[in-house]
Amino acid sequence: MNIGDTIVIDKFSNITILGEHMHINELSIENIGCIKKLDLKFNDRFNVICGVNGIGKTTILDIISNQFSKGVNSLTRRSLVTFGRYTIYFTHNGQKKHASTKITRFAPDEVNNILFTESGRDLIKVTTQRDIDYQRAFSISSDPERSESTITKINQFGLHSEDLKAWFVNRFAFYDKLESLSQEEKDNYELTKSIFGILDKSINFKTVLAKTFDIILSTPNGNIYFEYLSSGYKSCIFIIMNLIKEIEFRFSKNPIRVKDFDGCVLIDEIEEHLHPTWQAQLVNALKELFPKTQFIVTTHSPSILQALDKNEIIPLYLNETNQTAIKPLNLGDYGLQGWTLEEILKDVMEMPNTTSTLYSSTMEKFNKAMNEEDQEEILKQYRLLLQMLHPNNPLRRLLQIQVAEWEE
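Reference entry: report on the structure contained in this document. All residue numbers refer to position in the chain's written sequence, counted from 1. Residue-level local features of this predicted model are given only where pLDDT is at least 70; pairs of side-chain atoms are given and counted only at 80 or more, and the full residue set underlies all totals for whole chains, interfaces and linings. Computation of side-chain values covers all heavy atoms of the structure but excludes hydrogens and water.

### Regarding the sheet that holds strand β12 (residues 222–225)
At least two DSSP bridges between two strands are required for those strands to pair. Counting from the N terminus, the helices are the DSSP runs of H or I reaching at least four residues and the strands are the DSSP runs of E reaching at least two. Reading across the sheet, the three strands line up as β10-β11-β12 and stay open at both edges, with antiparallel pairing between neighbours. Taken across any chain shown, the strands that pair with only one partner, and hence form the sheet edges, are β10 (204–208) and β12. Taking the axes of each pair of neighbouring strands and ignoring which way they run, one obtains an average angle of 35° across the sheet. Sheet analysis places β10 next to strand β11 (residues 215–219), joined by four bridges and oriented antiparallel. Along β11, the bridge assignment pairs T207 with I216. Two residues form a contact once any of their heavy atoms are found within 4.5 Å. Fitted lines through C-alpha atoms serve as axes, helices being fitted only where they are in contact, and the angles separating the N-to-C directions of these axes extend from 0 to 180 degrees. Across the sheet, helix α3 (residues 164–174) is in contact with β10 and β11; its angle to β10 comes to roughly 75°.

### Structural notes on the packing of aromatic side chains
Here a pair means two rings of Phe, Tyr or Trp (six-membered ring of Trp) with centres within 6.5 Å. Their orientation is stacked below 30 degrees between planes, edge-to-face above 60, and tilted elsewhere. Taken as a whole and judged by the stated rule, the model has 14 aromatic pairs. A ring pair is formed by F290 and F295, whose centres lie 6.1 Å apart and whose planes are at 70°; its orientation type is edge-to-face. Relative accessibility decides the category of a residue: with a 1.4 Å probe and only protein chains considered, values under 20% of the type maximum give buried, values over 50% give exposed, and everything between is partly exposed. Since its relative accessible area comes to 0%, F295 is described here as buried. An aromatic cluster is present here, built from F168, F172, Y175, Y189, F196, F205 and F226 joined pairwise through their rings. The ring of Y175 is capped by K186, whose NZ or CZ atom sits 6.0 Å from the centre of that ring. Only when the NZ of Lys or the CZ of Arg is both within 6 Å of the ring centre and within 35 degrees of the ring normal is a charge said to sit over the ring.

### Concerning helix α4 (residues 183–195)
To estimate the expected span of a helix, count its residues, drop one, and scale the result by 1.5 Å. In this model α4 runs 19 Å from its N-terminal to its C-terminal C-alpha over 13 residues, within 8% of the 18 Å that 1.5 Å per residue would give. Those residues of α4 that are buried lie in contact with α3, β10, α5 (231–250) and α6 (276–289).

### Considering the nonpolar core
Membership of the largest hydrophobic core comes to 61 residues, with the highest contact counts inside it found for I240, L243, L286, F290 and L305. Looking at this core element by element, the count peaks at eleven residues for α5. Once you skip the residues sitting within four places of it in the chain, I240 turns out to touch I195, I198, L282, A285, L286, L289 and F290. By nonpolar core is meant a set of buried Ala, Val, Leu, Ile, Met, Phe, Trp, Tyr and Cys residues that side-chain atoms within 4.5 Å join together.

### As for the sheet that holds strand β13 (residues 264–267)
On the basis of which strands lie adjacent, the open sheet formed by six strands has the order β9-β13-β14-β4-β15-β16 and mixed pairing. Looking along the sheet, the strands with just one partner apiece sit at the ends: β9 (123–126) and β16 (324–326). Neighbour-to-neighbour, the strand axes of this sheet turn through a mean angle of 20°, independent of strand direction. Here strand β4 (residues 46–50) pairs with strand β15 (residues 313–318) via three bridges, running parallel. In the strand pairing of β15, C50 is matched with P315. The strands that helix α1 (residues 57–67) touches are β4, β9, β13, β14 (294–299) and β15; relative to β14, the one it contacts most, it runs at about 150°.

### A closer look at the pattern of salt bridges
Criterion for a salt bridge: a side-chain nitrogen of Lys or Arg within 4 Å of a carboxyl oxygen of Asp or Glu. Scanning the entire structure with this criterion turns up 21 salt bridges. With its nearest N and O atoms 3.5 Å apart, the salt bridge here joins K193 to E190. Of this pair, K193 and E190 both sit in helix α4, three residues apart, which is roughly one turn of the helix. With a shortest N-O distance of 2.8 Å, K368 and E372 are connected by a salt bridge. Residue K368 and its partner E372 are both found in helix α9 (residues 357–372); the two are separated by four residues, about one turn of the helix.

### Focus: the pairing of β4
In terms of residue burial, β4 counts as a mostly covered element, since five of its five residues are buried. In the sheet, β4 pairs with β14 via five bridges, with the strands oriented parallel. Residue N47 lies in a different strand from β14, and its bridge partner there is I296.

### Description of the packing of helix α10 (residues 375–388) against helix α11 (residues 395–403)
In contact at an axis separation of 11 Å, α10 and α11 are set at 165° when each is read in the N-to-C sense. Considering their axes alone, α10 and α11 lie roughly antiparallel with respect to each other. You can see that α10 and α11 cross each other, and the crossing is left-handed. Contact residues: α10 offers I378, Y382, L385 and L386, while α11 offers R396, L399, Q400 and V403. Polarity classes work like this: nonpolar for Ala, Val, Leu, Ile, Met, Phe, Trp, Tyr, Cys and Pro, charged for Asp, Glu, Lys and Arg, and polar for all others, with Gly in that last group. By residue class, the composition of the contact of α10 with α11 is six nonpolar, one polar and one charged. Convention used here: angles under 35 degrees read as roughly parallel, angles over 145 as roughly antiparallel, angles from 65 to 115 as roughly perpendicular, and any remaining angle as oblique. Take the far helix as the reference: if the near one is turned anticlockwise from it by less than a right angle, the crossing is left-handed, and if turned clockwise, right-handed.

Have a look at this one:
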């Protein structure tokens, strides 16, 4: 076996674990991408990886998705080593296993092959590309077969929306036709109709037009094509609707309800295009709609982190040796749910400053003038600060008290 190939080792083969079809338990990474050494543990439900840009969040998802694919591995080793290595510990059909892979690729024209394909059908990847553009349909299409090569492509590059509309129109057309759809497929179709109002209950599925096969939604402002939803709303629909469709395609021979899918879903930058008020709603919707699915996602959003339980947060940072590591936050039982967005941005996401450069500079000048007892400068910077601060900011009152003795 050559360097770059995968070694698969079965562990605890006599132990049966009920209720888990394919979940990732642990991941050990050494010298891949920007990560020198990192060990991660995942729970069976929701795992949110966060941290500053360039710390390796997407690399972690790529490692998992590449492992459950067949063909060329896109990962690269670190520049100062001869190879990198990762080991994935997972549960598949009641058995605990682990797979180890060496990565020698560094230059773009070098190749690493992956031989391991077990459980690829049970893993689905969602990237940041979540566009739903208008596509004219000229007929009702049959479901495509999900071959090993197609699943590999999706696992490596993520879901797309090309067959999303055709799948839904097919289900609409055959829902009430005798023996056309299984009961599981009917239940999934009913669930899909409901997701159009997942963020806004005033938006509902209305019909599919007979001549153009367009999906029409009813809204407070009238009927619209579903492609005309806002980009943020479509991003949410893209994730949920695509997961339902993909689960149906992959298990077409033995249909399952999406609520029974107990595989693993990877989502990069889950908050992409979403308003902060919708971000936590999307997380809660995924938990409710896919109660057996394991999610491993990345985020930059403090709004999402603020809504999570303690064991759902995987915070990464650069430690004292400038290496990617898990940040010790010493969280209580309620995680970050009592933290302000500003506290999360500073202490978890390591944002150096949550105010504008101009505001920080003005505040520094004000404090300097106070120390030097420069009346003219104190009043000048005070008036500037009043123009910048939020109307209800309590700092306004504190500043007023500070400058009271300097005002004429």
